[in-house]
Amino acid sequence: MERTGLVKEGEVLPVTEGKLPNSYYYTLGNAYAMSANYTFRERLTSREGTVKEIKETPKGFFVTVQFDE
């Protein structure tokens, strides 16, 4: 996530899956944040998650989301 104030802890947001040739990635909400790339075995089955933590680092903001899996 690049800016603060887009999501709040405890908020339930939809997750959209994107496909690359050899992996998958996920977009949180209305493009609030994007995940790293994941292999087929790490692929999510949930389509929504709960924001558990928002952490600011020198590289930007990291959002931790919990899924029911």
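For the structure, see preceding data.
Residues numbered from 1 in each chain as written. Predicted model: local features only at pLDDT ≥ 70, side-chain atom pairs only at ≥ 80, totals over all residues. Heavy atoms only, no water.

## Details of the environment of T39
By the element assignment, T39 lies in the loop between β3 (33–34) and β4 (48–57). T39 gets classed as partly exposed once you look at its relative accessible area, which sits at 34%. Remark: the alpha-carbon pair of T39 and T4, spanning 35 residues in sequence, is separated by 29 Å. (Helix = DSSP H or I, 4+ residues; strand = E, 2+ residues; numbered from the N terminus. Buried < 20%, exposed > 50% of the residue type's maximum accessible area, 1.4 Å probe, protein only.)

## Regarding the side chain of S46
Summarising the element assignment, S46 is placed in the loop between β3 and β4. The exposure class of S46 is buried, given its relative accessible area of 11%.

## Focus on the environment of S23
Here S23 shows up in the loop between β1 (12–19) and β2 (24–28). Spatially, the C-alpha atom of S23 lies 4.8 Å from that of T39, the residues being 16 residues apart in sequence. Those residues in contact with S23, other than ones at most four positions away along the chain, are G18, N37 and Y38. (Contact = heavy atoms within 4.5 Å.)

## Looking at the pattern of salt bridges
Opposite charge on two side chains permits pairing when their charged atoms draw close. Under the criterion given, the structure shown has 2 salt bridges. We note a salt bridge from E17 to R43, for which the minimum N-O separation is 2.8 Å. Taken as a pair, E17 in strand β1 and R43 in the loop between β3 and β4 lie far apart in primary sequence, 26 residues in all. E17 gets classed as partly exposed once you look at its relative accessible area, which sits at 24%. Overall, R43 belongs to the partly exposed group, its relative accessible area being 30%. The partner of R47 in a salt bridge is E17, and the shortest N-O contact between them spans 3.8 Å. Here R47, found in the loop between β3 and β4, pairs with E17, found in strand β1; they are 30 residues apart in sequence, far enough to count as distant. Look at R47 and you get partly exposed, because its relative accessible area is 40%. Linked by salt bridges that have partners in common, E17, R43 and R47 make up one network. (Salt bridge = Lys/Arg side-chain N within 4 Å of Asp/Glu carboxyl O.)

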